[in-house]
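# Chain and residue survey
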Amino acid sequence: MSDETVKPGNFIRDIINTDNQTSKYDQRVHTRFPPEPNGYLHIGHAKSICLNFGIAEDYPGGKCNLRFDDTNPTKEEDEYVNSIIEDVRWLGFDWADRLFFASDYFEKMYDYAVQLIQIGKAYVDDLTADEIREHRGTLTKPGQDSPWRNRSIEESLSLFEAMKNGKFENGQKVLRAKIDMKSPNLNMRDPVMYRILHAAHHRTGDKWCIYPMYDWAHGLEDSIEGITHSICTLEFEDHRPLYDWFLDALGTYHPRQIEFARLNLNYTVMSKRKLLKLVKENFVDGWDDPRLPTLSGMRRRGYTPQAIREFADIIGVSKSNSTVDISLLEHCLRDNLNKNARRVMAVLEPLKITITNYPEKHIEWLEAENNPEDAAAGTRKIPFSRELYIEQEDFKEESPAKWFRLAPGKEVRLKHAYYITCTDVVKDASGKIIELKCTYDPHSKGGWTEDGRKVKGTLHWVTVEHSIPAEVRMYDHLFMTADPEAVPEGQDFTVNLNPKSLEIVTTCRIEPGLAQASATERYQFLRKGYFCLDPKHSRPGHLVFNQTTGLKDSWAKLENKSQSI
RNA sequence: UGGGGUGUCGCCAAGUGGUAAGGCAGCGGAUUUUGGUUCCGCCAUUCAAAGGUUCGAAUCCUUUCACCCCAGCCA
């Protein structure tokens, strides 16, 4: 670990440093990542995970718990618990033996609630949900006390116990904190602490029929676990007074809640509701569709944990709402893949060429480096022969300005192989180019000559005989517009879906070594981008690769520029 | 028009009274057996706006403006 990898500070670390200086928590630093298991994790969660676990890693003795906030049995499932565990682990974080569930504390929470009733700070309310809403008032009008607000402590106590014992129907009664119905902060207008839910919980089964609300439960969870800094997103800022009120009323250990801005990315959506719609209505291929910003989707797409962690570090942490440009994420991805991905050759849309002066049936095994960024990656042997495929787009009959790929009479280099010159263009009856005749320079073996002649263009290629077929899935942004939520009146964000976000290329020919491609390895298809095996659709004999991301393409940029003039 | 927040380059983001870091994007140029990578240069006289305090203000004060969040028995 070199000292140049020191992470930039942020306002949360400033707070922690100050707390350490004053020994507020005896130099302890203990955070937690508290997902509700009601959906799959996405890149926005990764920001929070990296923040919480990252802080724990960076302070001596720091710890971070993985805690499921499973207080609503109607929405939570084990499937989500499992995927969340897998995703956090995949990112490379470790919670040792500190995997917790809010539901582990239901008994303690119940006892605390009883305490609160006993000191006159909570009461059982018989009002219906509608009535409670009416009594709450509005943003500008104060609320009104419930008629049950001042019932006796004894009565609330026995009613609360009856609630727990299943004596009432859903919605018949709630337990509320007795705070202030006139508070300008709506969260303080006697918030509900417990509701009756006759529903099976994914862990506790039918043991409970009352379940704690977030505001009541969350601070207790933090308190019970000895969390020092409870980091959450901005929308909970208004809840902090409540968080503090409960813990103060109980006189129990009191962590500090700190809020930061959640991550937004352009050209995608992050809300659980929208992701769920895309999945359920089959706009995408499941939660792990490679176009989705879910961690499982990004993993399938070929993202590395390192790229995501680097991204999380680089975007910083603040309190201002912001939308990060997706190109920053892609930059982190390319940066990581460039250093680690093995280079191979694959032709996506083949154009056959015949080297007319190369002997028939002859095969040469040429040496090719696996990664110019990493000498330790070594070299491999690739076959070369008379009949080859190059990329269709690497040949133009009429070559434009600054074109240094193949054209009639033009010489280019075949990567790791020879210089070739195009001598003839073969077309079918419709005028379509179906083959190129070329000659090669036998003195240019390895792609270099002693005469120092300049050959600017270098193409990737495979042999007709040895290459194997493969399917390649090319991806583009899921949405055409930077802000998919900005939609004309009466329309839905799905109108902004990009119809070209997935393009399946079935004509691909890849170098023979890729028959043994590893499901965990990332490859750079030379000049085409980064690719990995699609774990969902690839099979031996029918290889399917996902394009993780393309390479920067300054030729395409040049072309676009000249077109737009 | 209640309360809580936030406004620094196209996008993030440092900066905490001493004269605007960095990254991404963009634009030039060099190197290159990937039009990749790498490298080098350019890219905020100005910090939402207006006043004020000060030798000195993005930082302090005043006023104004814009945007985000809150009226679930969701989290």
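Below or above, wherever it landed, is the structure these notes cover.

Calculation notes
- Residues numbered from 1 in each chain as written.
- Chains lettered and ligands numbered in written order.
- Predicted model: local features only at pLDDT ≥ 70, side-chain atom pairs only at ≥ 80, totals over all residues.
- Heavy atoms only, no water.
- Buried < 20%, exposed > 50% of the residue type's maximum accessible area, 1.4 Å probe, protein only.
- Helix = DSSP H or I, 4+ residues; strand = E, 2+ residues; numbered from the N terminus.
- Arc of directions from axis to C-beta.
- Contact = heavy atoms within 4.5 Å.
- Core = buried A, V, L, I, M, F, W, Y, C linked by side-chain atoms within 4.5 Å.
- Near = heavy atom within 4 Å.
- Polar contact = N/O pair within 3.5 Å; in protein donor to acceptor, adjacent residues only side chain to side chain.
- Nonpolar A, V, L, I, M, F, W, Y, C, P; charged D, E, K, R; others polar.
- Phe/Tyr/Trp six-rings, centres within 6.5 Å; stacked < 30°, edge-to-face > 60°.
- Pairing = 2+ DSSP bridges.
- Axes fitted to C-alpha atoms, helices over the stretch in contact; angles between N-to-C directions.
- Parallel < 35°, antiparallel > 145°, perpendicular 65-115°, else oblique.
- Left-handed = near helix turned anticlockwise from the far one by under 90°.

A few words now on helix α11 (residues 305-315). Those residues of α11 that sit buried are P305, A307, I308, F311 and A312. On an axial view of α11, the arc spanned by its buried residues comes to 165 degrees, and they lie on one face. In this fold, the buried residues of α11 make contact with α2 (43-58), α3 (78-90), α10 (295-301) and α12 (326-340). At the C-terminal side of α11, G316 shows a positive phi close to 75 degrees.

Let's shift gears to the nonpolar core. Counting residues in hydrophobic clusters, the biggest one holds 38 residues, and the most contacted among them are I43, V88 and I308. Listing elements by their share of this core, those giving two or more residues are α2, β2 (63-68), α3, α10, α11 and α12. When sequence neighbours within four positions are dropped, the list of residues in contact with I43 reads L263, L265, M270, P293, L295, M298, I308 and F311. F106, M193, Y243 and L250 belong to the second-largest nonpolar core, a separate cluster that totals 37 residues.

A word on the protein's contact with RNA strand B. The environment of RNA strand B is made up of 70 residues, and the closest members are S318, R343, R405, G446 and Q524. Backbone polar atom of V317 to a phosphate oxygen of RNA strand B: 3.3 Å apart, as the coordinates give it. Contact between RNA strand B and S320: a phosphate oxygen at 3.4 Å from a side-chain N or O atom of the residue. Contributions of two or more residues to the surface near RNA strand B are made by α5 (129-136), β6 (192-196), α11, α12 and α13 (554-564). Its residues assigned to classes, the surface near RNA strand B shows 24 nonpolar, 22 polar and 24 charged.

All chains considered together, the criterion is met by 23 aromatic pairs. Note on Y358 and Y440: the rings are 5.1 Å apart at their centroids and 65 degrees apart in plane angle, and the pair reads as edge-to-face. With a gap of 82 residues between them, Y358 in the loop between β12 (350-355) and β13 (364-369) and Y440 in strand β18 (residues 433-440) connect regions that are remote in the sequence. Residue classification places Y358 among the buried residues on the basis of a relative accessible area of 2%.

Glancing now at the sheet that holds strand β1 (residues 30-33). If you walk across this open sheet you meet the three strands as β1-β2-β3, and the pairing is parallel. Each edge of the open sheet carries a strand with a single partner, namely β1 and β3 (99-101). Each strand of the sheet is rotated relative to its neighbour by a mean of 35 degrees, with strand direction disregarded. Bridge analysis of β1 against β2 gives four bridges, and the strand direction is parallel. Counterpart to T31 in the pairing with β2 is C64. Together, β1 and β2 form the strand contacts of α2, whose direction differs from that of β1 by roughly 160 degrees. Across the sheet, helix α7 (residues 214-225) is in contact with β1, β2 and β3; its angle to β2 comes to roughly 140 degrees.

If you trace the backbone, N266 turns up in the loop between β9 (256-260) and α9 (272-280). Using a relative accessible area of 12% as the deciding quantity, one classes N266 as buried. In this structure, N266 is in contact with T323, V324, D325, I326 and A482, ignoring residues within four places of it in sequence.

Take the packing of α11 against α12 next. Running from amino to carboxyl end, α11 crosses α12 at an angle of 135 degrees, the nearest separation of the two axes being 8 Å. Judged by the inter-axis angle, α11 sits oblique to α12. Between α11 and α12 lies a crossing of right-handed hand. Contacts between α11 and α12 involve Q306, A307, E310, F311, I314 and I315 from the former and L328, L329, C332, L333 and N336 from the latter. Classifying every residue of the contact of α11 with α12 by side-chain character gives eight nonpolar, two polar and one charged.

Looking now at the environment of A46. With respect to the helices and strands, the residue A46 is situated in helix α2. A46 gets classed as buried once you look at its relative accessible area, which sits at 1%. Not counting residues within four places of it along the chain, the set of residues in contact with A46 comprises L91, L295 and I308.

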